[in-house]
Amino acid sequence: MTTTKSIIRFLRSLIPDFTLIYWQLRQSWQLLILTGLGTLAALIVVCTIPLYSRITLTAGLHSILEATPNNTVLAIHGPNLQFQPDHPTSQFIISTTRSYNQTLQREVPGYLHYPLQPDVILQTPPYVIMQQDQYYDPPPVSNQLSLQGYDLQQVKQHIHLVAGSWPEEEQGQVLEILVPRETADGLGLHPGSHMKIELAANPSGVQEPTDNLSMVVAGVFASNSSTDLFWHDNDFRPSQLNGPNTAQRYAFQALAARDTMLRIVSTHSSQTSSTTLAALSLWTFNWYYQLDTRQMNAQQIDSLMQGLSRVDDQIQLTYSPFDLLKTYKNRTLVVQLPTEVLLALITGMVLLFVGLTSSLLVYSQLPHIALLTSRGAERRQIMSIFLLQQAGMILATACLGPVLAVQTTRILAHFLLSASDQGIATQFLSEPLQLLPEILGFVLITAATAIATTVLAIYQATRIDVLLLRRRQARQLWQPFWQRYYLDLFAALGALSSYSLALYEMNTGALSEENQAQLLAPLILVAAILTIFALLLLLLRTFPFLLTRLSILAARSRSATPTLAITQLARAPQQALSTTILLSLTTAFALFTLVFMATQTQRAADIATYIVGADFSGTIINTQDTPAQQTTAYRNLHGVISATVGYSNIIYSAQNTVVGLKAVDTTTFARSVIWSPQNSTQSLDTLMDELSSHRTVGIANLAVPAIIDAQTWNMLGLHTGDSFTLFQPTGQGRLPITYIALVKIQHIPTFSYGLDNGAAGSEGLMVDYQTYSQVTAIAATQAQAFLRDPILPNYFWLHTRSDPTSLKAIRGALNKQQKLTGAIFYDRYLLLNNLYHDPLYLNLMGILLLGACVPLALSLPCCLIATWSLLRIRLAQLVVLRAMGAPPLQILAVLGWEQIPLYLVLIIMGVVAGWMLSAMTLPALVVSSLTTKTLFMLSNVSTTNFTSEVQLPSVQMAIPNYVGLLLGALILICLLALGLLMRMVLRISFHKSLRLDND
């Protein structure tokens, strides 16, 4: 009974509170809704970023694992074949498979296709095909044959018989085999052909019957082995033998039933010689397991790598995706820290907005709070009124925000990710409840920030009565928190410390290059942000003094309008300062993200051009055509505008340093390559004229005129006109060649020598092909040296059209050439397309896109809330001015003089801060992001020691055209807020406002 009365008494005590809450909501529901919408937008942003990042990282993992079928295979090299009468081979396969299955299920559970049914393949080494046999028409020369033992029931699903029939299980000693069409054509075989292979050569020279294996061709087959995972990259094509007198000898392959092979050889095992038994022991088993990537996500990389490492310790893995996963993990680490810093920056800006809007909401109610305090209301009552309002709004946004964040992530993934990655996004977002742990922390931090700032603002507001409020409205009586505790000084010290640590890492080598790449960009970004924040606070610290001086100057003017406006700002600038800080930071970050995106895209194009050098480029192999004939052949390809060929190789300095060399055709090179202004101040036509004009003198003096990149120029300590010696590899050693330093340029595009030879060094020299070939030939003749690499054109560059039809025709021709000769070509269009669809690149672009949208999404409600709050505070003053005879236009002019300079200051401060942030961080942030590394990986370039030994083109800050749209949008938002303020002033009810205050 007592408890019931206590509850009733407590509920009755809340009735006045709820009455005050209802009354307060009637007064400020519009402002509360506007604050809630802003908080909801902020919550959507901070929840979308981790969800989208998780999707892109998982998509990147799937893209590398599914790039080739064998990337998801675990290959185990089993024990060699052993013949034991009491241990049948079939039982050996079963027991070994069971052991492997148990190990894999224990170490990598959930990552394999179940039930575990590995492919078990018996492989033999190549054996000599015997030429003397009464059943076999021998080929013109001796060849070799290796056998692949499969379960034929599985094989039937993956091959197509062209001729003959399937092998039958017989008890005889002749092995029935299936031969691929290439083997049948090369050896002249057909169904029914008999042959023998020599298992081992008898030392006595007398061949025993059991030293040979008799076979008969049951059928000829064709397979799609290049794309079928079942064959594990075995294309069954004959390969040419290496060694003396093997010009026309090949190693062929054939298929047989695995169990039949084992039965026949086991029968012979007790009768064969020891030499043959030793040869049979080289027969090996291989087990192939398939990873299940359907449910795999980026967070499981470490777990899978650890499991594969444990498996490799227990079982000898001949192949696993461990190295591939490690490479991908390193790629994610390169971009992870800059991405996390950007995420922290966006989150911090969102929390700053949430805190500011919560404070503005309380600040707009400051007269009512002061009135309640003066009339004896308890602090608990006042806090309960506003906290219940805020709590309801925060609870609604916390419930609605994650739901809308999932939809925002789905939309973002739909527009940014490729069609092949859409399924990953759909699967990941299909169960929203499972995503709650991913974003719960962000929801709680945002809600806690809003509640904490509200509690702090209400606590400070309840310390103010009506008298103190009037004094504060008249002039500034206290300093804001950041001024009292010198946050600008601490920000400056933090920036100085971050810069010092970054310089220490760069100059002392205290960390490895990999750790430097991961830590340098975040340190510089943090230092730049703290620097800009300190400068903004320092400027705002001096802002009241500037307003005071301006008010003195305005007092000398004949118009009272600017005097009233500036004097009011100088007396109470706190609200203006807080709004200016937020809007300046949002403007700066929006500008930074737009410039970063443009610079990142431009950097990708610059590096792609640096790698390829033209629209298409590549190697030329095994051709005796003249340079003119080769140029004409490439020029006649459909879609080619201009073509050129040249010679690319590596040469050496006296200190054995690798130097790249490109000998080009001066008449066609300039028309065929892409020459960036970063490469040199001179045009490429001018440089080609320099080389051709010195041709005659160079040949006569046996000195090759050279255009040299800056790194090589500085390494050799050259001056214009200097002669120097570099060494050309020959069959007997190295041939010295004299060069003349003509021109120093910054870069020579086309990283061809590193692509072909895997060597890292400087970009090197660019010379005239005719001069170089003749001087080298004369020097080799005089030295009686044999050139290891003849000076023949081995590289081409193409300038092409960009329409799909032309690109398809050119790629088809170059792919055909690659299949015939093994030549490699590089496609700038495809390279950039691969980059722009790379999930890790899209991860960074998506975060930057959200970062660019955050300021526009937050600045509008912030301006509207600040405007509304200002009007509620200044209402009495404006009404007094109107009652004293000031016309409406003059009142509007006073507001314009107050607000327009503030908007101009915040936009100018935001633009300057954004430019400073971009200039200080972009070189480190863009270089350390995944663009460069991804481009080289997509180009199959070895990046070992690359960034430290090769001087890449410098990062050029790109200013996108749509920066003007951003500034226009910000100006439009400011004008909208100003127009709303003026409209509200014109609609003031003066007969209500002129009544005496409630106090």
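Residues numbered from 1 in each chain as written. Predicted model: local features only at pLDDT ≥ 70, side-chain atom pairs only at ≥ 80, totals over all residues. Heavy atoms only, no water.

Under the annotation held in an unreviewed UniProt entry, the protein carries the name ABC3 transporter permease protein domain-containing protein and is attributed to Tengunoibacter tsumagoiensis.

## Comments concerning the overall build of the protein
Per the secondary structure count, the protein includes 33 helices and 21 strands. For the protein, with 999 residues in total, the buried portion stands at 51%. In the protein, of all internal contacts separated by at least 6 residues, the share reaching a separation of at least 24 is 81%. For the protein, the accessible area works out to roughly 46000 Å², and carbon and sulfur atoms hold 59% of it. (Helix = DSSP H or I, 4+ residues; strand = E, 2+ residues; numbered from the N terminus. Buried < 20%, exposed > 50% of the residue type's maximum accessible area, 1.4 Å probe, protein only. Contact = heavy atoms within 4.5 Å. Areas by Shrake-Rupley, 256 points an atom, 1.4 Å probe, with all protein chains shown as cover.)

## Thoughts on the pairing of strand β13 (residues 616-619)
Neither face of β13 is left uncovered, since the one carrying F616 and G618 and the one carrying S617 and T619 both have all their residues buried. Alignment of β13 against strand β20 (residues 795-800), held across four bridges, turns out to be antiparallel. Each bridged residue has a counterpart across the sheet, and for T619 the counterpart in β20 is Y795. Bridge count between β13 and strand β21 (residues 825-827): three bridges; the pairing is antiparallel. Paired with G618 across the bridge in β21 is F825. (Pairing = 2+ DSSP bridges.)

## Re the nonpolar core
If you look at the biggest cluster of nonpolar residues, it comprises 96 residues, and the most contacted ones within it are L342 and M766. Per-element accounting of this core gives the leading share, 17 residues, to helix α18 (residues 574-612). Two domains share this core, each providing at least three of its residues, namely domain 1 (28-71 + 83-109 + 302-312 + 323-475) and domain 3 (621-822). With near-sequence residues (within four places) excluded, L342 lies in contact with L525, F589, F592, F596, L844, I847 and L848. With 55 residues, the next largest nonpolar core counts I93, L187, V217 and W283 among its residues. (Core = buried A, V, L, I, M, F, W, Y, C linked by side-chain atoms within 4.5 Å. Domains from an automatic or database assignment.)

## A word on helix α19 (residues 627-635)
Buried within α19 are the following residues: Q630, T631 and Y634. Axial view of α19: buried residues confined to an arc of 100°, hence all on one face. (Arc of directions from axis to C-beta.)

## Focus: the pattern of salt bridges
With the rule as written, the count across this model stands at seven salt bridges. Where D302 meets K329, a salt bridge forms, and the shortest distance between an N and an O atom there is 2.6 Å. Here D302, found in helix α7 (residues 301-314), pairs with K329, found in helix α8 (residues 322-364); they are 27 residues apart in sequence, far enough to count as distant. Judged by its relative accessible area of 36%, D302 falls in the partly exposed class. For K329, a relative accessible area of 28% translates into the label partly exposed. For the salt bridge of D768 with R695, the shortest nitrogen-to-oxygen distance reads 2.7 Å. You can see D768 sitting in strand β19 (residues 762-768) and its partner R695 sitting in helix α22 (residues 695-701), a full 73 residues away along the chain. Classification of D768 as buried rests on a relative accessible area of 3%. Sharing partners across several salt bridges, the network here consists of R106, E107 and R310. (Salt bridge = Lys/Arg side-chain N within 4 Å of Asp/Glu carboxyl O.)

## Focus on a negative patch on the surface
Residues E182, D185, D233 and D235 make up a contiguous surface patch of negative charge. Positionally, D233 belongs in the loop between β8 (212-223) and β9 (239-240). (Patch = residues over 30% accessible without salt bridge, like charges linked within 9 Å, V, L, I, M, F, W, Y side chains within 5 Å. Lys, Arg positive; Asp, Glu negative; His and termini not counted. Charge placed at Lys NZ, Arg CZ, Asp CG, Glu CD.)

## Some thoughts on the packing of aromatic side chains
When we look at a pair of aromatic rings, we describe it by the centre distance and by the angle of the planes. All chains considered together, the criterion is met by ten aromatic pairs. Relative to F592, the ring of F589 lies with its centre 6.1 Å away and its plane at 40°, an arrangement referred to as tilted. A residue pair is termed a helical-turn pair when its members lie 3 or 4 positions apart in one helix, as F589 and F592 do in helix α18 at three residues. Each member of the pair, F589 as well as F592, is classed as buried. Ring geometry for Y634 and F796: centres 4.5 Å apart, planes at 20°, overall stacked. Taken as a pair, Y634 in helix α19 and F796 in strand β20 lie far apart in primary sequence, 162 residues in all. (Phe/Tyr/Trp six-rings, centres within 6.5 Å; stacked < 30°, edge-to-face > 60°.)

## A word on a nonpolar patch on the surface
A cluster of nonpolar side chains, namely Y486, L489, F490 and L493, defines an oily patch on the protein surface of about 450 Å² accessible area. For F490, a relative accessible area of 55% gives the class exposed.

## Focus on unusual backbone geometry
Look at N656: it is not a glycine, yet its phi comes out positive at around 65°. On the basis of relative accessibility, which here comes to 45%, the residue N656 falls in the partly exposed class. Although it is not a glycine, L702 sits at a positive phi angle of roughly 50°. Tracing the chain through its elements places L702 in the loop between α22 and β16 (703-709). L702 sits in the partly exposed class, given a relative accessible area of 26%.

## What to know about the side chain of N649
Examined against the element boundaries, N649 turns out to sit in strand β14 (residues 640-652). Within the structure, N649 has its side chain in polar contact with the side chain of Y647 (distance 2.8 Å). (Polar contact = N/O pair within 3.5 Å; in protein donor to acceptor, adjacent residues only side chain to side chain.)

## A short note on the confidence of the model for the protein
Reading fine detail from the predicted coordinates is not recommended where pLDDT is low. When pLDDT is averaged across the protein, the result is 76; 74% of the residues are at 70 or more. The low-confidence segment residues 132-141 (pLDDT under 50) makes 13 contacts with residues lying over four places distant or belonging to another chain. (pLDDT = per-residue confidence, 0-100.)

## Some details on the environment of I674
Mapped onto the fold, I674 is located in the loop between α20 (669-672) and α21 (684-693). Along the sequence, I674 and L798 sit 124 residues apart, while their C-alpha atoms lie 9.6 Å from each other. Beyond its immediate chain neighbours, meaning those up to four positions away, I674 contacts T609, G613, A614, D615, N679, P749 and R828.

## Some remarks on the environment of L718
Within the fold, L718 resides in the loop between α23 (710-716) and β17 (723-729). L718 sits in the buried class, given a relative accessible area of 9%. Residues L718 and I740, spaced 22 residues apart in sequence, show a C-alpha to C-alpha distance of 9.7 Å. For L718, the residues in contact, after removing those within four places along its chain, are I708, W713, F724 and A741.

## Comments concerning helix α25 (residues 769-783)
Helix length check: α25 (15 residues) gives 21 Å between terminal C-alpha atoms against 21 Å at 1.5 Å per residue, within 8%. All buried positions along α25 are accounted for by Y769, T771, Y772, S773, V775, T776, A779 and A780. (Expected span 1.5 Å × (residues − 1).)

## Concerning the side chain of Q253
Summarising the element assignment, Q253 is placed in strand β10 (residues 250-257). Polar contacts involving the side chain of Q253 include one to the side chain of Q148, which spans 3.4 Å. Ignoring any residue separated from it by four or fewer positions in sequence, one finds Q253 in contact with L145, S146, Q148, P180, T183, N234, F236 and R237.

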